[in-house]
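Tertiary structure, described
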Amino acid sequence: MSDPVHESERFKPPASRRDFLGLAAAWSAIGAFVMAMLGAARLPMPSVFPESDSRAKLGRPKQFATGSATYFPQQRLWLFRDAEGFHAISSVCTHLGCIAERLEDGQFNCPCHGSKFDASGRVMGGPAPKGLVWLELSVSPEGWLVADTLKETEPGTVLSA
Ligand code: FES
């Protein structure tokens, strides 16, 4: 004898625990895959745009007297003005990144492991593999002296302003 209720299209037997766990596992796997793909798609986009704050206005050129050496702690650089013009030297030690101190005689000394640099940043001793970095300087259209802390320039490069 047939049972019209159970043969009806609208009748669905209750889901078993096994069915429920299987569906939960499948949806979890799909969710994890989608999240992983979203994360992978995001990888080529940088989280930080270093160019955006690598340039710093140091001041108007006339603010700096000939023969001056001015330290900018936020940019971790020394700005020098001599008869030929301006140059900037990073105070970040090329060994492991400590801040090298400038001594009275103009040389630099790294307090961390004892690297020593001459007044133009050349290595004189210690574990530093290369000299202190000279940074690119420019004058903005508005007349500001600008240093770019991410752009190295050849030691000896001077900006006349
Ligand atoms: S970090 Fe400067 S000598 Fe090591």
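Residues numbered from 1 in each chain as written. Predicted model: local features only at pLDDT ≥ 70, side-chain atom pairs only at ≥ 80, totals over all residues. Heavy atoms only, no water.

1. Notes on the overall build of the protein
Across its full length, the protein carries two helices and ten strands. Computed over the C-alpha atoms, the radius of gyration of the protein is 32 Å, more than 25% above the 15 Å expected from 2.2 N^0.38 for a compact globule of 161 residues. A total of 161 residues make up the protein; the buried ones form 28% of that total. Excluding contacts between residues fewer than 6 apart, the proportion of contacts in the protein whose partners are at least 24 apart in sequence is 37%. Charged side chains in the protein number 16 positive and 17 negative. The centres of these two groups are separated by 4 Å. (Helix = DSSP H or I, 4+ residues; strand = E, 2+ residues; numbered from the N terminus. Rg over C-alpha atoms; globule rule 2.2 N^0.38 Å. Buried < 20%, exposed > 50% of the residue type's maximum accessible area, 1.4 Å probe, protein only. Contact = heavy atoms within 4.5 Å. Lys, Arg positive; Asp, Glu negative; His and termini not counted. Charge placed at Lys NZ, Arg CZ, Asp CG, Glu CD.)

2. Digging into unusual backbone geometry
Positive phi values are uncommon outside glycine, yet R76 reaches one of about 55°. One can find R76 in the loop between β2 (69-72) and β3 (77-82).

3. Focus on the domain arrangement of the protein
When cut into domains, the protein gives domain 1 (4-42) and domain 2 (51-153). One C-alpha centre belongs to domain 1, the other to domain 2, and the line joining them spans 62 Å. (Domains from an automatic or database assignment.)

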